[in-house]
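A closer look at the structure
The lines below spell out each chain.
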Amino acid sequence: MAFIGVALSIFIIYRIYVWLQSSPRSFMKDQIPFNKVIIPHPSIDILEDEGYEVVGGKLKIPLSFNVNGAQMYSRLFIDYVATKEEGSLYLVILSRPRKPLDFTGSGLRDTLLPYLLIYPECSGVLYVNVATASIHVIKLGKDDGESN
């Protein structure tokens with residue numbers, strides 16, 4: 001009788017664990033996904049020249065919103081996933097001529113904060129401007145309230 005009770009308890013705990021892992025919020029706790037297909041681009045050479053290794057290709061992150069009962073959809077795109085040191089992963093976003101990044105606090109927040117919140121385990125975002133062959137390393141920090 002005790003054996004059946006223990007087996008039933010283990011089964012219930014396992015089912016709760018599986019249910020929690022498949023919940024809609026669990027994608028936020030997942031590791032950064034990898035797309036093994038890496039499409040050649042001049043930005044890869046720029047990243048490699050700076051010591052980064054591209055380990056993943058373009059990713060599409062589907063988003064769903066429920067507004068007053070109406071379902072709305074959108075997507076975020078990550079161009080590459082790169083690493084520089086063991087255990088550090090960076091999301092790579094390429095500059096777009098029609099959508100330049102505003103290098104102000106509010107511009108960075110509006111553009112890059114969704115990426116850093118969805119994948120908090122990443123080391124930061126690499127913003128690559130192919131035209132100027134430059135890489136901007138952007139990491140999320142916390143303001144202690146003391147700065148002006």
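Residues numbered from 1 in each chain as written. Predicted model: local features only at pLDDT ≥ 70, side-chain atom pairs only at ≥ 80, totals over all residues. Heavy atoms only, no water.

A look at the overall build of the protein chain
- Regarding its fold elements, the protein chain presents 3 helices and 7 strands.
- Secondary structure of the protein chain in N-to-C order comes out as α-α-β-β-β-β-β-α-β-β.
- Contacts spanning at least 24 positions in sequence make up 56% of the contacts within the protein chain whose residues lie at least 6 apart.
- For the protein chain, the exposed area adds up to about 10800 Å²; of that, 59% sits on carbon and sulfur atoms. (Helix = DSSP H or I, 4+ residues; strand = E, 2+ residues; numbered from the N terminus. Contact = heavy atoms within 4.5 Å. Areas by Shrake-Rupley, 256 points an atom, 1.4 Å probe, with all protein chains shown as cover.)

Section: the side chain of serine 43
- As for its placement among the helices and strands, serine 43 is situated in helix H2 (residues 42-49).
- Since its relative accessible area comes to 0%, serine 43 is described here as buried. (Buried < 20%, exposed > 50% of the residue type's maximum accessible area, 1.4 Å probe, protein only.)

Observations regarding a negative patch on the surface
- There is a patch of like negative charges on the surface, built from Asp45, Glu48, Asp49, Glu50 and Glu53.
- Examining the composition of the negative patch, we find that 3 residues originate from one element, H2, more than from any other.
- As for its position among the elements, aspartate 49 is in helix H2. (Patch = residues over 30% accessible without salt bridge, like charges linked within 9 Å, V, L, I, M, F, W, Y side chains within 5 Å. Salt bridge = Lys/Arg side-chain N within 4 Å of Asp/Glu carboxyl O. Lys, Arg positive; Asp, Glu negative; His and termini not counted. Charge placed at Lys NZ, Arg CZ, Asp CG, Glu CD.)

Overview of the sheet that holds strand S7 (residues 134-138)
- As summarised here, the arrangement of the 5 strands in space is S1-S4-S5-S6-S7, forming an open sheet in which the pairing is mixed. Two strands bound the open sheet, and with one partner strand each, they are strand S1 (53-56) and S7. Within the sheet, the average angular offset between the axes of one strand and its neighbour, ignoring direction, is 35 degrees.
- Summarising the sheet, strand S4 (residues 80-83) and strand S5 (residues 89-94) pair through 4 bridges and their orientation is antiparallel. Its bridge partner lying in S5, valine 81 is registered against leucine 91. (Pairing = 2+ DSSP bridges. Axes fitted to C-alpha atoms, helices over the stretch in contact; angles between N-to-C directions.)

Digging into a nonpolar patch on the surface
- A cluster of nonpolar side chains, contributed by Leu8, Phe11, Ile12, Ile16 and Trp19, occupies part of the molecular surface with about 560 Å² of accessible area.
- For phenylalanine 11, the location among the structural elements is in helix H1 (residues 2-21).

Comments concerning the environment of tyrosine 73
- Its location among the elements puts tyrosine 73 in strand S3 (residues 70-78).
- On the basis of relative accessibility, which here comes to 62%, the residue tyrosine 73 falls in the exposed class.
- As a C-alpha pair, tyrosine 73 and proline 62 span 11 residues in sequence and 7.4 Å in three-dimensional space.
- Non-local contacts of tyrosine 73, meaning those with residues more than four positions away in its chain, are made with Leu63 and Ser64.

What to know about the confidence of the model for the protein chain
- Considering every residue of the protein chain, the mean pLDDT works out to 84; 87% of them sit at 70 or more.
- When the criterion is pLDDT under 50, residues 25-30 qualifies, and its contacts beyond four places in sequence or with other chains add up to 7 contacts. (pLDDT = per-residue confidence, 0-100.)

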